[in-house]
Amino acid sequence: MYRTALRNVLAHKGRLLMTALAVMLGTAFVAGTMVFSDTFGKAMRDSNSKSYTDVSVQIVDRAAGSSASAREKSDKSSATLTDATVQQLAALPGTAQARGVVSGFTGVADRSGNLIGKAWSAKGANFAPGQDGKDPRYPMAEGQGPKTAKEIALDRKTADKGGYKVGDTVRLASNGPVIEARLTGIFTTDDPVVNTGGTLTLFDRASAQQLLLEPGRYSSIVLAAKPGTTEDALLSQVQPKLPAGQQLNAETGQQLKDDEQKMITSGTESMRTMLLAFAGISLFVGIFIIANTFTMLVAQRTKELALLRAIGASRKQVTRSVLIEALAIGALSAAAGLVVGVGIGAGLQSLVGAMDSGMPSGPLVIKPLTVAVTLVVGIVVTVLSALLPAMRASRIAPVAAMSSGDQPSSQKSLVVRNTIGSIGAAGGAALIAYGASTGNGDGRMPVAVGAVLALVGVFVLLPLLSRPVIALIGPVLGKLAGMPGKLARQNAVRNPRRTAATAAALTIGLTLVSGLTVIGASVGDAIDKAVTSSLKADYLVGAANGMSLSDKVPAEIAKTPGVAASSPFTTVYWDLNGKNQEITGLNQDSFDKLVSVKLTSGSTAGLGQGQILIDEDVAKSGNLTTGSTVKITYPDESTGQVTVGGVYQKGGMVGGAALANSEIVKHDPQPYIRNVLVKGADGATDKLKQSLKDATGANPVIEVQSKQDVRDEFSQTITFALNMMYGLLAMSVIVAILGVINTLAMSVFERKREIGMLRAIGLDRSGIKRMVRLESVVISVFGAGIGVLLGCFMAWAINGTLKSSLQGLTTVLPFGQLLLFLALAGVVGLVAAFWPARRASKLDILESIKTD
């Protein structure tokens, strides 16, 4: 029986090719994901571990944040890490060297005035030379380190990107105004910020403290241990010297490395999990192909299997023979998938490097676990998929099998199947509807469970659905394609189970694609409406890295020619009746000119009287109405009473509560300034935009955005996320295409005699081709149509669970894109039918008719 099984694999290798390809692609996705994540993770760990080679103990001042808001909130009269602290720690018995470190945000402009790199990865630090005038962390490739104010050094990559040479004047900015400094040196470094594409600017110590923190203050102190002193021993000496009650954190270099390794591992594991989820989708699609293939093979070999039963083979032996075939195919395909997966991993690494040249790279990492998982997954998926066809093969009675090549399903089995499918689909739909009705995150689990049940139920019901759905397009096919169209429709519904298994693969892909598309369109529409409806201002001026703007910026903008109204858009977090609440601040005299809120009661005029405006959610949770009194707890722990001046609908830019800036600065003199809102006298014009840029000193860190710019930014984010999802789902679509090709090719083999008879009675070669192609198109569009409907339904339910998080969210159906998906499914059907149709048209008439 084992030899028989292996001979069958070789005898039917052509018919098993698509199955092997489906398994190979799925396992290649798995292997590629594991190789890429392991390689990328190791490269990141190796790169970041170099940051702590000279660190035995590091003391960090957590209050010394790089953002303006963090600095402004800290107590400037009690700087915790100073030169005195450095000297005290340097005097410890186990300390060989102590170094104060200053770190914070610093953006560098290129020669066109644009920010080099990304704002979140732009860093400034202090140059700390030893007695030889060199800083071992930053060896100078050209020139020398900065010694005085108005001198800086840049890392090699940043200098090259900006086109700067030693002696050039460089424009840069932190939180304050633009600074022009002379470039005195260009250095190389292993700093992970630079290695991941960021920029690093070095200042002399005093300038770094003045710009990034405050005079005399360090953000951290790094200690190197004397020979013979362990890191833990040095840490035990350091801890008693640290002032109590301060936000200081001391860790050994090994602890820092371990923490960094954990963070990187967590990030790469999250990435791996996401990619493996899409690989799982591809394999799940492949299950339908494998099961369909073996079902058709068993049907075609009914007499052969019956003969084996007749000469003494048991049911178990017949089952095992089919499973051995699946095992052989799975093993070979998984091995090929492993090889292809290594190539995919290398390709992904190259792609990441091309997209961001600063990302670390390293040799490919192929762990034994990757090899084992790939082979096991390929074999298990293939064998399990073939299990049901194998069991069906063993249950055919020898006499019945010898007399018929096709055993129809019993009425009982069809009733049971349709009953199970109906219960699953109905139960899933009920759970989905319930989850959507909650309107918040509580409905996400019911929606997820319901989606699984509904998908399984619909898959089980696909054979039942195929006949009436495909029958609807029968007249259209007859009119457009004549007899080949009628035959194509009849062939598509001749074997509903086979049609359903083939269409199911496309249904899965289109369910996910259409669902994501609808969610993306809905979220984009909600954001667009929020920006359009709540924002009257023509421009938003803000920092590219999300930092607070300097309090000088609003004043400069207000004086800009062409500005009709402007206001700082501030944010504070105060307690309202004991609950922490984000409060938005705007100038009361320009509130109605810059933003729009839909009041349900009260008036915005209350802002000018020191009153607070709240949205409906805050009002409901606190049982508040217009005229109610709210207790506010301020940052200094003092409290006050504020009257509710109005209640407005939730949504838009204002947030849950709003106060006049004049009231906010009474208790928080330097609030976080998120943006400056600007209304132009003549609306949004290029002249005003340029004037606003000039008012900020052409600061590379500050962005001037119109309402359209804000909408485009959100749209680009959503489009990028959707394109990434489409790319990850492409593998499952390819596998589904292979399924269509496989089914048609094997169907043509089964119907050789029928095709020969059609040719004999007058249907020409082109008619045969049209028949097979239209059959493929019908099956593909059927599967895609069911998938689009399921995707839209599930997107509606998911949107329902997001309504509490995104005000104004409604389900938007992008009909153009959905129709495009259906059209592309038809094209997929045509492409998939190319080889089977060509093969069918070339069959010899006499040879086909006499086929036994």
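Here the structure is a predicted model, which is why all the values come from computation and not from measurement.

**Looking at the overall build of the protein chain**
Within the protein chain, the regular secondary structure consists of 29 helices and 22 strands. Counting only C-alpha atoms and orienting by the principal axes, one finds that the protein chain spans roughly 100 × 70 × 45 Å. Sorting the 852 residues of the protein chain into buried and exposed places 49% on the buried side. For the protein chain, the proportion of contacts with a sequence separation of at least 24, taken over those separated by at least 6, is 82%. The centroid of the 82 positive side-chain charges in the protein chain is displaced by 15 Å from the centroid of its 62 negative side-chain charges.

**Re the nonpolar core**
Residues Leu-462, Leu-535, Phe-591, Val-595, Leu-677, Ile-768 and Val-772 are the most contacted members of the largest nonpolar core, which totals 104 residues. For this core, the leading source of residues is helix α26 (residues 765-802), giving 15 residues. Here Leu-677 is in contact with Leu-535, Ala-537, Tyr-539, Leu-540, Ala-565, Ser-566, Ser-567, Phe-569, Leu-586, Leu-594 and Val-595, once residues within four sequence places are set aside. Counting 32 residues, the second largest nonpolar core, distinct from the first, contains Leu-92, Ile-116, Tyr-164 and Leu-235.

**As for the environment of Leu-599**
On the secondary structure map, Leu-599 appears in strand β16 (residues 599-602). The class for Leu-599 is partly exposed, based on a relative accessible area of 32%. Sequence-distant contacts of Leu-599, defined by excluding residues within four places in its chain, comprise Thr-604, Gly-646, Val-647 and Tyr-648.

**Section: the side chain of Thr-507**
By the element assignment, Thr-507 lies in helix α18 (residues 496-534). When its relative accessible area of 0% is taken as the criterion, Thr-507 is described as buried. In this structure the side chain of Thr-507 is engaged in a polar contact, spanning 2.9 Å, whose partner is the backbone oxygen of Gly-783.

**Some details on helix α23 (residues 686-695)**
Taken together, the buried positions of α23 are Leu-688, Ser-691 and Leu-692. End-on, the buried residues of α23 take up no more than an arc of 100°, which puts them together on one face. Following α23 by one or two positions, Gly-697 adopts a phi angle in the positive range, close to 75°.

**Some thoughts on the sheet that holds strand β1 (residues 57-61)**
Hydrogen bonds along the backbone pair up the strands of a sheet, which may run parallel or antiparallel. Taken in spatial order, the four strands line up as β2-β11-β1-β12 in an open sheet, and their pairing is antiparallel. This sheet does not close on itself; its edge strands, each paired only once, are β2 (95-101) and β12 (248-252). Along the sheet, successive strands turn relative to each other by an average axial angle of 15°, direction set aside. For β1 and strand β11 (residues 220-225), the ladder comprises four bridges, and the chain directions are antiparallel. The residue of β11 that forms the bridge with Val-57 is Leu-223. Taken strand by strand, helix α4 (residues 83-90) contacts β1, β2 and β11, and its axis lies near 165° from that of β2.

**Overview of the pairing of strand β20 (residues 657-660)**
On a regular strand, each side chain points to the face opposite its neighbour's, so the side chains alternate between the two faces of the sheet. Neither face of β20 is left uncovered, since the one carrying Ala-657 and Leu-659 and the one carrying Ala-658 and Ala-660 both have all their residues buried. Bridging between strand β15 (residues 579-586) and β20 involves three bridges; their strand directions are parallel. In the sheet register, Thr-584 faces β20, and the bridge partner there is Ala-658. As paired strands, strand β17 (residues 612-615) and β20 are joined by two bridges and run antiparallel to one another.

**Here we look at the pattern of salt bridges**
One side chain can pair with another of opposite charge once the charged atoms of both are near each other. The tally for this structure, following the rule as stated, stands at 20 salt bridges. Between Arg-99 and Asp-54 there is a salt bridge, with its nearest N and O atoms 3.5 Å apart. A residue pair is termed long-range when its members are at least 10 positions apart, and Arg-99 in strand β2 and Asp-54 in the loop between α2 (17-49) and β1 qualify at 45 residues. Overall, Arg-99 belongs to the buried group, its relative accessible area being 13%. On the basis of relative accessibility, which here comes to 32%, the residue Asp-54 falls in the partly exposed class. We note a salt bridge from Asp-709 to Lys-689, for which the minimum N-O separation is 3.2 Å. Separated by 20 residues along the polypeptide, Asp-709 in helix α24 (residues 707-750) and Lys-689 in helix α23 bring together distant segments of the chain. Asp-709 sits in the partly exposed class, given a relative accessible area of 24%. Its relative accessible area of 22% is what places Lys-689 among the partly exposed residues.

**Quick notes on the environment of Arg-156**
Within the fold, Arg-156 resides in helix α5 (residues 156-162). For Arg-156 and Leu-200, which are 44 residues apart along the polypeptide, the C-alpha to C-alpha distance reads 9.3 Å. Ignoring any residue separated from it by four or fewer positions in sequence, one finds Arg-156 in contact with Ala-141, Glu-142, Ile-186 and Phe-187.

**A look at the environment of Asp-83**
Position of Asp-83 relative to the elements: it lies in helix α4. When its relative accessible area of 30% is taken as the criterion, Asp-83 is described as partly exposed. Separated by 128 residues in the primary sequence, Asp-83 and Leu-211 have C-alpha atoms spaced 17 Å apart. If sequence neighbours within four positions are ignored, Asp-83 has contacts with Arg-205, Gly-216 and Tyr-218. Looking at Asp-83, its side chain comes within polar contact range of the side chain of Tyr-218, at 2.5 Å.

**What about the packing of aromatic side chains?**
Applying the stated criterion across every chain, the model contains six aromatic pairs. Look at Phe-36 and Phe-40: their rings are 5.8 Å apart centre to centre, the planes differ by 25°, and that puts the pair in the stacked class. Remark: Phe-40 and Phe-36 occur in helix α2; sequence separation between them is four residues, near one turn of the helix.

**Focus on the confidence of the model for the protein chain**
Fine structural detail should not be taken from predicted coordinates in areas where pLDDT scores are low. Across the protein chain, the average pLDDT comes to 84, with 92% of residues at 70 or higher. When the criterion is pLDDT under 50, residues 66-78 qualifies, and its contacts beyond four places in sequence or with other chains add up to 25 contacts.

**As for a nonpolar patch on the surface**
Taken together, the side chains of Val-376, Val-380, Leu-384 and Leu-387 make up a nonpolar region of the molecular surface, amounting to roughly 330 Å² of accessible area. In this fold, Leu-384 is placed in helix α12 (residues 368-394). Given a relative accessible area of 55%, Leu-384 falls into the exposed group.

**Quick look at the side chain of Ser-628**
Residue placement: Ser-628 occurs in the loop between α21 (616-622) and β18 (629-633). Under the relative-accessibility criterion, Ser-628 is labelled buried at 16%.

**Let's talk about the packing of helix α25 (residues 752-760) against α26**
Relative orientation of the contacting elements α25 and α26 amounts to 135°, with a least axis distance of 10 Å. In this view, α25 runs oblique relative to α26, as classed from their interaxial angle. In this structure, the crossing between α25 and α26 has a hand that is right-handed. Contacts from Ile-755, Leu-758 and Arg-759 in α25 reach Arg-765, Ile-768 and Met-771 in α26. Taken together, the residues that form the contact of α25 with α26 break down as four nonpolar, no polar and two charged.

**Quick look at the packing of helix α15 (residues 444-472) against α18**
Put simply, α15 and α18 touch, their axes get as near as 9 Å, and they point 120° apart. With respect to α18, the axis of α15 lies oblique. Handedness of the α15/α18 crossing: right-handed. Between α15 and α18, the contacting residues are Leu-455, Phe-459, Leu-462, Pro-463, Ser-466, Arg-467 and Ile-470 on the first element and Pro-496, Arg-497, Thr-499, Ala-500, Ala-504, Thr-507, Ile-508 and Thr-511 on the second.

What counts and how
Residues numbered from 1 in each chain as written. Predicted model: local features only at pLDDT ≥ 70, side-chain atom pairs only at ≥ 80, totals over all residues. Heavy atoms only, no water. Helix = DSSP H or I, 4+ residues; strand = E, 2+ residues; numbered from the N terminus. Buried < 20%, exposed > 50% of the residue type's maximum accessible area, 1.4 Å probe, protein only. Contact = heavy atoms within 4.5 Å. Lys, Arg positive; Asp, Glu negative; His and termini not counted. Charge placed at Lys NZ, Arg CZ, Asp CG, Glu CD. Core = buried A, V, L, I, M, F, W, Y, C linked by side-chain atoms within 4.5 Å. Polar contact = N/O pair within 3.5 Å; in protein donor to acceptor, adjacent residues only side chain to side chain. Arc of directions from axis to C-beta. Pairing = 2+ DSSP bridges. Axes fitted to C-alpha atoms, helices over the stretch in contact; angles between N-to-C directions. Salt bridge = Lys/Arg side-chain N within 4 Å of Asp/Glu carboxyl O. Phe/Tyr/Trp six-rings, centres within 6.5 Å; stacked < 30°, edge-to-face > 60°. pLDDT = per-residue confidence, 0-100. Patch = residues over 30% accessible without salt bridge, like charges linked within 9 Å, V, L, I, M, F, W, Y side chains within 5 Å. Areas by Shrake-Rupley, 256 points an atom, 1.4 Å probe, with all protein chains shown as cover. Parallel < 35°, antiparallel > 145°, perpendicular 65-115°, else oblique. Left-handed = near helix turned anticlockwise from the far one by under 90°. Nonpolar A, V, L, I, M, F, W, Y, C, P; charged D, E, K, R; others polar.

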